[in-house]
Amino acid sequence: EDAERISSADVAVVEARRGMLQEWVDWHEGMEEELAEERAALGLPENPVEALLREKTAAVVADGEAKEQVVE
Amino acid sequence: MRPILLAGHERALTQIKYNPDGDLIFSVSKDQQICVWFAHNGERLGTYRGHQGAIWTIDVDPTSTILASGSADNTIRLWDIKTGKCLKAWDFPTAVKRVEFNEDGTQLLGVTEKRMGHLGTIVVLDVKIDVEAEQSDEKALTIVCDESKATVAGWSYLSKYIIAGHEDGSISQYDGKTGDLIYNIPIHELNQPITDLQWSQDRSYFITASKDKTAKLISAKDLEVLKNYPSDTPLNSATITPKKDFVILGGGQAAMDVTTTAARQGKFEARFYHKIFEDEIGRVRGHFGPLNTVAADPTGKGYASGGEDGYVRVHAFDKGYYDFMYEVERERQNRLAAAANA
């Protein structure tokens, strides 16, 4: 009887966690979608940091080429 | 794995920040120094000198080019990360307690302290992520906090909102462009100051730490409290770990605030909670005073804590950390894997 009570308590805990996980995943996926839509509507890149880093790399490369030309 | 102990500061740490690549750690302290360290071995790369008072806050732009700092000397300064050169100083009537770049590094916010004759404010500065560029003297925006001063603030996704945590335990959401107050909601216990506010990677939600001994996970869009993490000590800092669904809380009662018998040496701990299930899952000991700041490596490899004891402790996560999973998480992972294979 005790074992039964414990296992039914475990089931309740696991059920509650399953619910919490699903609720989180639903909220987060909804938020992600909304963010992607807002970004697209504003014409912004999907990942702002990646876009900035690409620009920086391009600038550094261009700078390097310019300097090389001066050396020649 | 044993933590790396960074012993370069002479006084209490105030804030720690990783750069976006997670290879550099920036730390500031009441000793008026900014230090930069290699995250993987704790080697100190250098210091940035110039502030004339305790430094309260620091931030790195998204491309790891410039650094912003705020100090009790009433200035915000910009630094060239590579050369250590001070690029710009903005003067304010009071100390600067928090700085943060927005997601594309075009704007920097600063939280200024309240003092006799001066209300606390949140200022916004236009910045150029370019060490050669002339930075503007003018403030783009000033938000005056006439109800309760802001203690911390940050930028949401798309720089749409400025979110502030206040001394009275409430949270405000301001329009990121106009500075208009949209909501102010009591979130933490009344008059228990909010001590930290850190973002999720996409800046859609954030975590607050408070002297009321709790940390909370809050949605940036509507300030809904998503999760609550109760602890047994006043909290100074809280951070969200990427890759794994954990949060790390830091705090502790200062020795002078408790009876000497209760002051347990070396027992100041970083607390790990499961972000979704809200359970405490572990503690990491080490500091000899309260933890003033915790920061998660943005690449998910570890975390760093800064203490009232003047030390920074850098921890690399081990296998057990990555393997740790609740049964229902494993179940979901297996289900997704099966769906992907089908």
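Chain B appears in an unreviewed UniProt entry as Eukaryotic translation initiation factor 3 subunit I from Chaetomidium leptoderma. As its UniProt record puts it under Subunit (unreviewed entry), chain B is described as follows: "Component of the eukaryotic translation initiation factor 3 (eIF-3) complex." In its Subcellular location (unreviewed entry) section, UniProt records this for chain B: "Cytoplasm".

A short note on the overall build of chain B
In terms of helices and strands, chain B carries two helices and 28 strands. What you see for chain B is a C-alpha radius of gyration of 19 Å, in line with the 20 Å of a compact globule of 342 residues. Along the three orthogonal principal directions, the C-alpha set of chain B runs to about 55 × 45 × 40 Å. When each of the 342 residues of chain B is scored for burial, the buried share is 59%. In chain B, the share of contacts with a sequence separation of at least 24, taken over all contacts with a separation of at least 6, comes to 44%. By element, 48% of the accessible surface of chain B is carried by carbon and sulfur atoms, the whole surface being about 14300 Å².

Brief notes about the nonpolar core
In terms of nonpolar packing, the biggest core is built from 20 residues, with Ile207(B), Ala215(B), Leu217(B), Tyr229(B), Val247(B) and Leu249(B) touching the most fellow members. Setting aside chain neighbours within four positions, we find Leu217(B) in contact with Trp24(A), Tyr205(B), Phe206(B), Ile207(B), Glu224(B), Val225(B), Leu226(B), Lys227(B), Tyr229(B), Ile240(B) and Lys275(B). Membership of the second largest hydrophobic core comes to 16 residues, among which are Tyr157(B), Leu158(B), Ile163(B) and Ile187(B).

Examining the interface of chain A and chain B
Every contact between the two is made by 24 residues of chain A and, on the other side, 28 residues of chain B. Overall, the association of chain A and chain B removes approximately 2400 Å² of surface from exposure, summing both partners, and the carbon and sulfur fraction of that is 66%. On the chain A side of the contact with chain B, Arg17(A), Leu21(A) and Trp24(A) bury the most area, a combined 26% of that side's loss. Summed over the shared surface of chain A and chain B, the result is five salt bridges. For Glu38(A), the salt bridge is made with Lys160(B), and the minimal N-O distance between the two is 2.8 Å. On inspection of chain A and its partner chain B, the count reaches six residue pairs in polar contact (both at pLDDT 80 or more).

Quick notes on the packing of aromatic side chains
Residues and elements named next belong to chain B. Applying the stated criterion to the full structure yields 17 aromatic pairs over all chains. Where Tyr303 meets Phe317, the ring centres are 6.0 Å apart and the plane angle is 25°; that geometry is what we call stacked. Taken together, the positions of Tyr303 in strand β27 (residues 302–307) and Phe317 in the loop between β28 (312–316) and α1 (319–323) put the pair 14 residues apart, joining distant regions of the chain. The exposure class of Tyr303 is buried, given its relative accessible area of 2%. Aromatic rings pair up to connect Phe246, Phe272, Phe277, Tyr303, Phe317, Tyr321, Tyr322, Phe324 and Tyr326 into one cluster. The ring of Trp56 is capped by Lys97, whose NZ or CZ atom sits 4.6 Å from the centre of that ring.

The rules behind these values
- Residues take numbers from 1 onward in each chain, read along the sequence in its written order.
- For naming, the first written chain is A and the first written ligand is 1, with later ones following in the order written.
- Owing to the predicted nature of the model, reporting of local features is limited to residues with pLDDT of at least 70; listing and counting of side-chain atom pairs is limited to 80 or more, with chain, interface and lining totals taken over all residues.
- Side-chain calculation: all heavy atoms of the structure are included, whereas hydrogens and water are not.
- UniProt positions are given in the numbering used here, feature names are shortened, and annotations may be inferred rather than shown by experiment.
- Elements are defined by DSSP. Helices are runs of H or I of four residues or more, strands are runs of E of two residues or more, and each kind is numbered from the N terminus.
- All radius of gyration figures rest on C-alpha atoms, and the globule criterion is 2.2 Å times the number of residues raised to 0.38.
- Throughout, exposure labels follow a simple rule: accessible area from a 1.4 Å probe, protein chains only, divided by the maximum for the residue type, with under 20% read as buried, over 50% as exposed, and the rest as partly exposed.
- Contacts are assigned to residue pairs with any non-hydrogen atoms lying within 4.5 Å of each other.
- For accessible areas, the Shrake-Rupley method is used with a probe of radius 1.4 Å. Any residue's cover is judged against the shown protein chains and nothing else.
- By nonpolar core we mean a set of buried residues, namely Ala, Val, Leu, Ile, Met, Phe, Trp, Tyr and Cys, connected to one another through side-chain atoms within 4.5 Å.
- Accessible area that two parts lose when put together, evaluated with a 1.4 Å probe and summed over both, is termed the buried area.
- Salt bridge, as used here: a side-chain nitrogen of Lys or Arg that lies within 4 Å of a carboxyl oxygen of Asp or Glu.
- Any pair of N or O atoms that falls within 3.5 Å is considered a polar contact. Within protein, one atom must be able to donate a hydrogen and the other to accept it, and sequence-neighbouring residues count only if both atoms are side-chain atoms.
- Working definition: a ring pair exists when centres of Phe, Tyr or Trp rings (six-membered ring for Trp) sit within 6.5 Å. Plane angles under 30 degrees give stacked, over 60 give edge-to-face, the rest tilted.
- Consider the ring centre and the ring normal. A charge sits over the ring if Lys NZ or Arg CZ is within 6 Å of that centre and within 35 degrees of that normal.

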